[in-house]
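What the coordinates show
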Amino acid sequence: MLAIQAASAPQHNARPTRIGLAVAGGGPLGGMYELGALRALEEAVVGLAPTRLHVYVGVSSGAFIAAGLANQLSMAEMCRIFLTGESHQAQFRPDLFVQPALSEYLRRLWRIPGVLLEGAAEFARRPLHVSLSDNLGRLGRLLPTGLFDNQNIEAFLRDIFSREGRSNDFRTLTRKLYVIAVELDSGKAVRFGGAGHDAVPISRAIQASAALPGLYPPVRIGDKLYVDGALQRTLHASAALDEGADLVIGINPLVPFDTAVAEGQGRRASLAEGGLPAVLSQTFRALLQSRMQAGLSKYAHKYAAADIVLFEPNADDAQMFFSNVFSYDNRVEVAEHAYRTTRSDLYARREALQPLLARHGLALDEAELQQPRSLIAGLQPAPARTTATTARLRRAVAELEETVAERLPRHSPAPRAARP
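Residues numbered from 1 in each chain as written. Predicted model: local features only at pLDDT ≥ 70, side-chain atom pairs only at ≥ 80, totals over all residues. Heavy atoms only, no water.

Looking up the protein chain in an unreviewed UniProt entry gives the name Putative acylesterase/phospholipase RssA, with the organism given as Tahibacter aquaticus.

Next comes the structure, spelled out in C-alpha cells:
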C-alpha cells in the first residue's frame, strides 16, 4: 500500500531538494521487507540514489538499513549480505542473533536467595495479608529481561562499519543519520546522532534501538538503559523533517490484517482461530498503525512544505501477517514479495506520484516498472575484494559524482545508471 501525503504549502527553493528516508522496525521480517521495497524504489525512481540522501532515520531493524545507506553501503550489497550470503563485506549468520543471554540468566539466578528470603520475611510479618499477586510480582523480578544476547548485533555492525572507509562514528558521516531508541526509565525517545547523543558508536546505538523488551535485554549507554525505539513511535519521520527534508520516504513493514478485505481470498474468518500469537500480533500492529496515522496527521500541519510518501504492506497481505516476525528462514521470499508489491504500488499510483516526484527532481520509470523483474536475479555478482586504499578512492569518486549531481539543474533527473 502506498500512501501519499502531498505538501499543502510546497516551496520552490533554489537549493537542491533534500530527501530523507525513515525506516521503521519490524524484526527480521520487517528488515527483509524493507530491503525489497528500497531495492524496488532504487530501480524505479530515476534520480533517487539511496546512499546519497540528505538524512536517514532508522528504528530497530530499520536502523540497520538506514545506517548502512548512510555509510555508503549500497542496496545491492546489503541484499548480498542479508539475503544471498554472497558478499565479501560481511558474513551474515542468523544464529549469532539468537544466542541465549547467559549473563542475564545468571544475574537473575543470583537474585533467587534474596528474593526468597524477602518473601519469607514478609510472610512472617503479615501471614494473613500476603496475596498470590504479591508473590507473583516478587517472583517476576527473577525473570530475565531478554532471551537473547544482543552483543553479537553490536559486534557484527561494528565490524561492517570499520571496513573500507566506512565509519562507526555519527560525527564523521557525510550524511545525517539518526538512530532512535527509548530510554527505559523515562520512556522518552532519544535520537542518537543528534546533539548530545552523537558520541555513541553507531553500532551501539543500533543495538539499543533493536533491544525489543522480552527478546533482548536493555542496552546500557553511559548511566542509562535503552530499549527498542518503536515503543515510543513507529516511524520517527519527524527527525528527518526537523533536519529540513523536503521529501520523506517512509517504510513501515507491520500493519494490521483486515480479514474483511482478505475474505475473498479464502483466509480464515477470525484471527482468534490463530490463537494467542495471532491476537498479539494484530494488537501490536494495530497500535503501531494508529500511532503512524496520528503522526502523519500532525506532520501535515507542522511540516506543510514537505511531501511524505509511505510504503506499507496491504491490509490483506497474508504473507506479511502470517510469517514469523522473528524468523530468518524465509527472508528471500519476504524480500522478493516486498520488491514485487512495491513495484506494483508504484505503477498503480504513477499518475499521483509523477508530479510529486518531479517537484524534487525525480521521475518514475514506467517502462522499468512494466518489465518482469526479480530482486535476487537482478543482483550482479559481488565486486572483487578491495584494499582500504581502493575503498577510499571509490568513496572519493562517489563524493565527486555526488557534488556534480547536486550542481545539475534541480528539475533534471540524473541519467539512469546500470543496475548494480
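**Focus: the side chain of S323**
Let me state the cut-off plainly: Going along the chain from the N terminus, every DSSP run of H or I of four or more residues is numbered as a helix, and every run of E of two or more is numbered as a strand. The definition of a polar contact used here is a pair of N or O atoms within 3.5 Å, where within protein one atom must be able to donate a hydrogen and the other to accept one, and adjacent residues in sequence count solely through side-chain atom pairs. Should any heavy atoms of two residues lie within 4.5 Å, those residues are considered in contact.
Secondary-structure assignment places S323 in the loop between α12 (318-322) and α13 (331-348). In this structure the side chain of S323 is engaged in a polar contact, spanning 2.5 Å, whose partner is the backbone oxygen of Q319. Apart from residues lying up to four places away in sequence, S323 is in contact with L29, A318 and N330.

**Quick look at the packing of aromatic side chains**
Quick note on the threshold: Here a pair means two rings of Phe, Tyr or Trp (six-membered ring of Trp) with centres within 6.5 Å. Their orientation is stacked below 30 degrees between planes, edge-to-face above 60, and tilted elsewhere. Relative accessibility thresholds used throughout: buried, under 20% of the residue-type maximum; exposed, over 50%; partly exposed, between the two (1.4 Å probe, protein chains only).
One pass over the structure, following the stated rule, counts 13 aromatic pairs. Arranged with centres 6.1 Å apart and planes meeting at 55 degrees, the rings of F97 and Y328 form a pair that is tilted. Pair noted here: F97 is in the loop between α3 (75-84) and α4 (102-109) and Y328 is in the loop between α12 and α13, with a separation of 231 residues, a long-range link. Here Y328 falls in the buried class, since its relative accessible area comes to 14%. An aromatic cluster is defined as three or more aromatic residues linked by ring pairs; in this entry it consists of F82, F92, F97, F156 and Y328.

**Focus: the packing of helix α2 (residues 61-70) against helix α8 (residues 202-209)**
Basically, it comes down to this: Comment: axis = line fitted to C-alpha atoms, over the contacting stretch for helices; angle = value between 0 and 180 degrees taken between N-to-C directions. Note on terminology: angles under 35 degrees are roughly parallel, angles over 145 are roughly antiparallel, angles of 65 to 115 are roughly perpendicular, and the others are oblique. The handedness criterion is simple: a crossing whose near helix is rotated anticlockwise from the far helix by less than a right angle is left-handed, and one whose near helix is rotated clockwise is right-handed. Each residue gets one of three labels, nonpolar for Ala, Val, Leu, Ile, Met, Phe, Trp, Tyr, Cys and Pro, charged for Asp, Glu, Lys and Arg, and polar for the others, Gly among them.
As a packed pair, α2 and α8 sit with axes 8 Å apart at the nearest point and diverge in direction by 160 degrees. Here α2 lies roughly antiparallel to α8, going by the angle between them. Like other packed secondary-structure pairs, α2 and α8 cross with a definite hand, here right-handed. Packed against α2, whose contacting residues are A63, F64 and A67, the element α8 presents I202, I206 and S209 at the interface. Across the contact of α2 with α8, the residue classes tally to 5 nonpolar, 1 polar and no charged.

**Considering the side chain of T342**
Structurally, the position occupied by T342 is in helix α13. If we ignore the near neighbours within four places in the chain, the residues touching T342 are A37, A40, L41 and F311.

**Looking at the pattern of salt bridges**
Quick note on the threshold: Whenever Lys or Arg places a side-chain nitrogen within 4 Å of a carboxyl oxygen from Asp or Glu, that contact is recorded as a salt bridge.
Tallied over the entire structure, the rule returns 15 salt bridges. A salt bridge links D246 to R15, with the nearest nitrogen and oxygen atoms 2.8 Å apart. Here D246, found in the loop between α9 (238-242) and β9 (247-251), pairs with R15, found in the loop between β1 (2-5) and β2 (19-23); they are 231 residues apart in sequence, far enough to count as distant. Overall, the relative accessible area of 10% leaves D246 in the buried class. Salt bridges sharing partners connect three or more residues here, namely R39, E42, E43, R343, E368 and R373.

**Brief notes about helix α1 (residues 27-44)**
The condition that has to hold: Any helix carries an expected span of 1.5 Å times its number of residues minus one.
Relative to the 26 Å expected for 18 residues at 1.5 Å per residue, α1 spans 26 Å between its end C-alpha atoms, a close match to the ideal helical length. Counted residue by residue, α1 has 18 buried out of 18 residues, so it is predominantly covered.

**A look at the nonpolar core**
Note the following rule: Buried Ala, Val, Leu, Ile, Met, Phe, Trp, Tyr and Cys residues that are joined via side-chain atoms within 4.5 Å together make up what is termed a nonpolar core.
Membership of the largest hydrophobic core comes to 82 residues, with the highest contact counts inside it found for F82, F156, L177, F192 and I206. Look past the residues within four positions of F156 in its chain and what remains in contact with it is I81, F82, A90, Q91, F92 and F97. One finds V55, A230, A240 and L310 within the second-largest nonpolar core, a separate group that totals 22 residues.

**Regarding the pairing of strand β10 (residues 307-311)**
Put simply, the rule is: In this scheme, strands are said to pair when DSSP sees at least two bridges between them.
Most of β10 is tucked away: 5 of the 5 residues are buried. Going residue by residue along β10, you find D307, V309 and F311 tucked away on one face and I308 and L310 tucked away on the opposite face as well. Across 5 bridges, the pairing between β9 and β10 is parallel. Pairing of G250 across the sheet is with L310, part of β10.

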